[in-house]
Amino acid sequence: MASRKAQSAQLCNDCKHARAASVYTQRWMTAVEPDPGLRERKKRRTREAIESAALRLFDERGFAATTIAEIATVADVSPRTFFGYFPSKEAVLYGESGEAFAAFERDLAVPRDPGVTTAIDVLRGWIHTWFTEHPPQLERERLLHRLKATEPSVAAYERQLMARFEDAMTDALAADLGLEPGDVRARMVAAAAVASLRALEPLDADGCSPAKQHPPDAEALAVLDDALLFLNSGLAALLPRA
């Protein structure tokens, strides 16, 4: 009897978190402009031209050998225009991830209902929407994976992105738990969330084996969501002891 009650309570808890993640997913979906104007469409075309030129040059000439001036020439823009879209060559490789992280940080800053939604619910909604709006591109993923293994500046750029992501999660989780910013308990959960995201990456480092390397599919994302639900269910155990 007690076992059935515990199971029922757990199911209710899972449903609560599923509804919370759904709310954040809908917020992200409705935040996307359905019909961008002429100026926005032109900006997107310019951005895509820069990305396409950069990725082709990185693949053909190598990352270090490619200059921003060369990327601008192939994309038919000025170097100044390049910097209007990307702060560095490394940023081009990650596309819109920098903007996506900024939007994620803004969403984390939105007040949440204590005991109802958590920073992990926000993360789950963000992941679902990100992969819905940005299906993985196999060739791009291969190139990025190869360059992370061979170019120190690319690997360092990703570490900076993930550190920024972990810091934002730490502060948000600390607020959810009523802890001081940077509390070690919140940081541990944030680190586990980052580790879950990293687990989606291919394990081979050569970037040359299609059979061994592929972007995360629906099944992998479902496993990731299960891992995040597991973390979410354990947050209560980290509440400060009276």
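Residues numbered from 1 in each chain as written. Predicted model: local features only at pLDDT ≥ 70, side-chain atom pairs only at ≥ 80, totals over all residues. Heavy atoms only, no water.

Caption draft 1: Geometry of the overall build of the protein. Per the secondary structure count, the protein includes 11 helices and zero strands. Seen in sequence order, the protein has helices and strands lined up from the N terminus as α-α-α-α-α-α-α-α-α-α-α. Considering the protein as a whole, with its 242 residues, one finds that 40% of them fall into the buried category. Pairs at least 24 apart in sequence give 74% of the contacts found in the protein among residues at least 6 apart. Carbon and sulfur atoms make up 58% of the accessible area of the protein, which totals about 13,800 Å². (Helix = DSSP H or I, 4+ residues; strand = E, 2+ residues; numbered from the N terminus. Buried < 20%, exposed > 50% of the residue type's maximum accessible area, 1.4 Å probe, protein only. Contact = heavy atoms within 4.5 Å. Areas by Shrake-Rupley, 256 points an atom, 1.4 Å probe, with all protein chains shown as cover.)

Caption draft 2: Quick peek at the pattern of salt bridges. Tallied over the full model, the rule gives 16 salt bridges. Put simply, Glu51 and Arg140 hold a salt bridge, and the shortest N to O gap is 2.7 Å. Here the residue Glu51 occupies a position in helix 2 (residues 38-61), and Arg140 occupies one in helix 8 (residues 138-150), the gap between them amounting to 89 residues. By relative accessible area, Glu51 is classed as buried at 11%. One salt bridge in this structure joins Arg185 and Asp183, with 3.0 Å as the shortest N-O distance. On the accessibility criterion, Arg185 (28% relative accessible area) is partly exposed. Residue class for Asp183 comes out buried when judged on its relative accessible area of 17%. Here the residues in one salt-bridge network are Arg47, Glu51 and Arg140, joined through shared partners. (Salt bridge = Lys/Arg side-chain N within 4 Å of Asp/Glu carboxyl O.)

Caption draft 3: Summary view of helix 11 (residues 218-233). End to end, helix 11 covers 22 Å across 16 residues, agreeing with the expected 22 Å (1.5 Å per residue, within 8%). Restricting attention to buried positions, one finds in helix 11 the residues Leu224, Leu228, Leu229, Leu231 and Asn232. Along the long axis of helix 11, the arc covered by the buried residues comes to 160°, so they all point the same way. More than 90 degrees from the buried face of helix 11, the exposed residues found are Glu219, Val223 and Phe230. (Expected span 1.5 Å × (residues − 1). Arc of directions from axis to C-beta.)

Caption draft 4: Layout of the packing of aromatic side chains. Tallying each qualifying case throughout the model produces nine aromatic pairs. Taking 6.1 Å as the distance between ring centres and 45° as the angle between the ring planes, the aromatic pair formed by Phe82 and Phe86 counts as tilted. Residues Phe82 and Phe86 agree in their burial class; the two are buried. Centroid distance Phe104 to Phe165: 5.3 Å. Interplanar angle 20°. Geometry classified as stacked. Of this pair, Phe104 sits in helix 6 (residues 97-108) while Phe165 sits in helix 9 (residues 152-177), and the two are 61 residues apart along the sequence. Among the aromatic side chains, those forming a connected cluster through ring pairs are Phe101, Phe104, Trp126 and Phe165. Positioned above the aromatic ring of Phe63, the side-chain terminus of Lys89 is 4.5 Å from the ring centre. (Phe/Tyr/Trp six-rings, centres within 6.5 Å; stacked < 30°, edge-to-face > 60°. Lys NZ or Arg CZ within 6 Å of the ring centre and 35° of its normal.)

Caption draft 5: Molecular detail of the side chain of Glu90. Mapped onto the elements, Glu90 comes out in helix 5 (residues 89-93). Here Glu90 sits buried without a salt bridge, and the closest side chain of opposite charge, Lys89, lies 6.1 Å off (N-O distance). At 3.3 Å, the side chain of Glu90 forms a polar contact with the side chain of Ser88. When sequence neighbours within four positions are dropped, the list of residues in contact with Glu90 reads Phe63, Ser153, Val154 and Tyr157. (Lys, Arg positive; Asp, Glu negative; His and termini not counted. Polar contact = N/O pair within 3.5 Å; in protein donor to acceptor, adjacent residues only side chain to side chain.)

Caption draft 6: Looking closely at the packing of helix 7 (residues 119-133) against helix 9. As a packed pair, helix 7 and helix 9 sit with axes 9 Å apart at the nearest point and diverge in direction by 140°. Compared by their axis directions, helix 7 and helix 9 come out oblique. In this structure, helix 7 uses Ala119, Ile120, Leu123 and Trp126 to contact helix 9, whose residues at the interface are Phe165, Met169, Ala172, Leu173 and Asp176. For the contact of helix 7 with helix 9, the residue count by class is eight nonpolar, no polar and one charged. (Axes fitted to C-alpha atoms, helices over the stretch in contact; angles between N-to-C directions. Parallel < 35°, antiparallel > 145°, perpendicular 65-115°, else oblique. Nonpolar A, V, L, I, M, F, W, Y, C, P; charged D, E, K, R; others polar.)

Caption draft 7: Fine view of the confidence of the model for the protein. Per-residue confidence for the protein gives a mean pLDDT of 79; residues scoring 70 or more make up 76%. The spread of mean pLDDT over the elements of the protein runs between helix 1 (residues 2-31), the lowest at 46, and helix 3 (residues 68-75), the highest at 97. Across residues 1-11 the pLDDT falls below 50, and counting only partners more than four positions away or on other chains, this stretch makes one contact in the model. (pLDDT = per-residue confidence, 0-100.)

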